[in-house]
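Residues per chain are reported as follows:
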Amino acid sequence: MAEQTFDYDVLVIGSGPGGYVAAIRAAQLGLKTACAESRDTLGGTCLNVGCIPSKALLHASEYFEEAASGSLEKFGVKVGKTELDLDQMMAEKTKAVGELTGGIEYLFKKNKVTWLKGRAAFEDAHSIKVGDETVTAQSVIIATGSSVMPLPGVEVDNDGGIVVDSTGALSLPKVPEHMVLIGGGVIGLELGSVWRRLGAKVTCVEFLDQILPGMDGDIRKEGAKLFKKQGIDFRTGTKVTGVTVEGKKAIVTVEPAKGGDSETIEADAVLVCIGRKPNTDGLNLEAAGLKTTERGLIEVDERFETAVDDVYAIGDVVPGLMLAHRAEDEGIAVADNIAGGTGIVNHAIIPSVVYTHPEMAGVGMTEEEAKKAGHELAIGKFPFMGNSRAKTNRETDGFVKIIADKETDRVLGVHIISVLAGTLIAQAAQAMEFGATSEDIALTCHAHPTHAEAMKEAAMAVRGKPIHI
Ligand code: FAD
Ligand code: NAI
């Protein structure tokens with residue numbers, strides 16, 4: 001029987017950090033590769049309306065707050081009256097996004113990845129309709145990502161600029177006087193911080209008793225304390241039951257999560273950020289013989305292959321942490337697997353970072369998870385108050401917490417709250433990937449004076465012998 005021929009060796013659906021990385025790696029491995037993307041620009045949620053624009057605004061708003069709050073004066077830096085030019089701040093964000101999405105287009109050309117412009121839907125496991133054209137591929141990678149989870153009874157209108165989701169909150173036309181965040185997770189804290197720094201009063205309504213679900217308990221507590229000090233008003237244990245818009249105002253109705261009397265909060269911007277849902281609508285998965293879980297996710301094995309041969313899935317559309325770097329690593333691994341190699345992602349060691357001020361970061365197990373898994377623990381904590389560089393820079397909020405197994409000393413998790421937490425967590429992830437004990441970290445020479453020395457001190461604290469506290 002003649003072998004079936006295909007238009008492409010690999011077709012990737014979606015060009016987010018999962019999809020574009022998978023496409024580039026597949027092409028590097030000599031496979032004829034195409035990537036279908038329905039957006040006008042490449043890069044997915046991350047580059048267009050996620051990681052990159054949010055970090056651009058976090059960076060710019062931090063400068064604004066530093067200059068406007070007078071906090072630079074103690075360093076002998078006097079700034080005159082600070083004025084906000086929001087249009088310019090947005091323009092710089094848009095420029096950064098354009099450079100990065102254009103960069104992916106350049107990388108596609110360089111690596112000979114074909115961009116098929118349009119929405120993709122399965123006709124069968126090897127045939128995909130993109131726009132009006134049907135193409136065939138030996139292997140298909142679904143990397144369609146996720147989008148904002150809607151809240152029943154709350155209508156988002158990003159153009160109206162009053163009830164918005166994360167995409168709308170990245171482009172508000174003016175600083176709201178009062179912004180209500182529905183959800184005290186990552187997006188709420190990052191984008192709430194942006195608008196608070198620029199002058200908004202911010203109220204965060206969180207269903208659970210504590211903000212930031214999934215993070216280590218100590219980090220959640222310390223974060224809540226610091227953000228409260230910065231002026232965010234937290235209404236935990238509270239749920240939003242409805243939002244109505246009256247003229248230029250939104251009326252948010254809330255009640256205790258456990259039930260009770262409702263009350264209303266008036267705001268001029270409401271950010272709905274209660275999580276994200278996988279993008280599978282319109283993919284016609286049934287035609288490929290695929291089903292989703294109850295939450296709409298696509299299940300895969302350790303090779304990222306779905307229940308259907310030659311159909312793979314990676315990133316936000318697959319169960320696990322919805323993070324760009326996880327999607328990227330899966331993109332590389334799946335391409336390696338398709339090319340006949342061995343692509344592995346260690347899902348137990350995926351760092352996560354919240355880019356507030358200070359930042360919060362964690363990798364591995366939280367204390368709660370490690371206890372639940374039956375480990376006896378030895379925990380070392382070191383506050384930045386005892387770190388010379390942090391003291392010199394006047395950035396002493398936060399700590400490093402290292403969780404080790406008491407018997408083996410193997411590091412199970414590291415959690416940091418610090419202005420540099422996002423940078424410092426890389427060391428912890430690498431140490432854990434190499435199977436480090438806390439003693440290995442304690443015996444590693446760390447440059448002085450750096451915030452990283454707090455990691456070494458926390459490791460020494462596991463045995464009760466830090467030097468500087
Ligand atoms: P996506 O990036 O969602 O890309 C999927 C792409 O597929 C999209 O471009 C979509 O248009 C396309 N697509 C979908 N269906 C089809 C179809 N049928 N045909 C053609 N194309 C299709 N993560 C971090 O790690 N760090 C951060 O700092 C961070 N910040 C964030 C800030 C915000 C405001 C948001 C919303 C998210 C943030 N994230 C962050 C999460 C991160 O953006 C996602 O985890 C990541 O983008 C997932 O990558 P992905 O490749 O799976 O999917
Ligand atoms: P999230 O899951 O982080 O937080 C949602 C919060 O909303 C939770 O605390 C939840 O208890 C609460 N909530 C749910 N329903 C509610 C209701 N009816 N009323 C009040 N509170 C309610 O989701 P978020 O912030 O939308 O972010 C989505 C995902 O995007 C993140 O989980 C993360 O994967 C990704 N992301 C990552 C970033 C990073 O890595 N720095 C930045 C931004 C997003």
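Below is a summary of the structure that appears in this document. On a predicted model such as this, the values are computed, not experimentally measured, just so you know. (Residues numbered from 1 in each chain as written. Chains lettered and ligands numbered in written order. Predicted model: local features only at pLDDT ≥ 70, side-chain atom pairs only at ≥ 80, totals over all residues. Heavy atoms only, no water.)

**Let's talk about the site of ligand 1**
We count it as follows: Nearness is judged by heavy atoms alone; a residue qualifies as near a molecule or strand once a single heavy atom is within 4 Å of it. N or O atoms within 3.5 Å of each other form a polar contact, as long as, within protein, one can give a hydrogen and the other can take it, and as long as residues adjacent in sequence are counted only when both atoms are side-chain atoms. Each accessible area is a Shrake-Rupley result for a 1.4 Å probe, and residues are judged covered by the shown protein chains and nothing else.
Glu-37, Thr-45, Lys-55, Ala-120 and Ala-324 are the nearest of the 38 residues found near ligand 1. At 3.4 Å, a backbone N or O of Cys-46 approaches an oxygen atom of ligand 1. Interatomic distance of 3.5 Å between a backbone N/O atom of Ser-146 and an oxygen atom of ligand 1. Protein contacts shield 94% of the accessible area of ligand 1, which totals 1,000 Å² for the unbound molecule.

**As for the packing of aromatic side chains**
Under the convention used in this document: Aromatic contacts are taken between Phe, Tyr and Trp rings whose centres are within 6.5 Å, Trp giving its six-membered ring; a plane angle under 30 degrees counts as stacked, one over 60 as edge-to-face, and the others as tilted. Ring-over charges, as used throughout, are those where CZ of Arg or NZ of Lys falls within 6 Å of the ring centre and within 35 degrees of the ring normal.
Under the definition given, this model contains zero aromatic pairs. Here the guanidinium or amino end of Lys-32 rests over the ring plane of Tyr-8, the centre of that ring lying 5.1 Å away. Geometry around Phe-399 places Lys-381 over its ring, the cationic atom sitting 4.5 Å from the centre.

**Quick word on the site of ligand 2**
What counts, and what does not: A run of DSSP states H or I qualifies as a helix once it reaches four residues; a run of E qualifies as a strand once it reaches two. Both are numbered from the N-terminal end.
With respect to spatial proximity, 24 residues lie near ligand 2, and among them Ile-187, Glu-190, Glu-206, Met-322 and Val-353 are the closest. Glu-190 places a side-chain nitrogen or oxygen 2.8 Å from a nitrogen atom of ligand 2. Within the backbone of Gly-275, one N or O atom sits 2.9 Å away from an oxygen atom of ligand 2. Against a free-state accessible area of 850 Å², the protein chains account for coverage of 79% of ligand 2. If you tally residues by element for the shell around ligand 2, the top one is helix H6 (residues 186-197), at three residues.

**With respect to helix H9 (residues 324-338)**
For the record, the criterion: Helix span, as expected, comes to 1.5 Å for every residue beyond the first. Think of it in three bands: with a 1.4 Å probe and only protein chains considered, a residue is buried below 20% of the maximum accessible area for its type, exposed above 50%, and partly exposed in between. Contact criterion: two residues are considered in contact whenever any of their non-hydrogen atoms come within 4.5 Å of each other.
When the terminal C-alpha atoms of H9 are compared, their 21 Å separation across 15 residues agrees well with the 21 Å that a helix rising 1.5 Å per residue should span. With eleven of its 15 residues buried, H9 lies for the most part within the structure. Among the residues of H9, those classed as buried are Ala-324, Arg-326, Ala-327, Glu-330, Gly-331, Ala-333, Val-334, Ala-335, Asp-336, Asn-337 and Ile-338. Along its buried surface, H9 packs onto strand S1 (8-13), helix H1 (17-28), helix H2 (44-49), helix H3 (51-69), strand S6 (133-142) and strand S17 (311-313). The first or second residue beyond H9 is Gly-340, which carries a positive phi of 100 degrees.

**Digging into the environment of Ala-36**
Mapped onto the elements, Ala-36 comes out in strand S2 (residues 33-37). Residue Ala-36 is classed as buried on the basis of its relative accessible area, which comes to 3%. The spatial distance from the C-alpha of Ala-36 to the C-alpha of Thr-114 is 8.4 Å, given a sequence separation of 78 residues. With residues near it in sequence (within four places) discarded, Ala-36 still touches Leu-11, Val-12, Ile-13, Gly-14, Ser-15, Leu-116, Gly-118, Ala-120 and Val-130.

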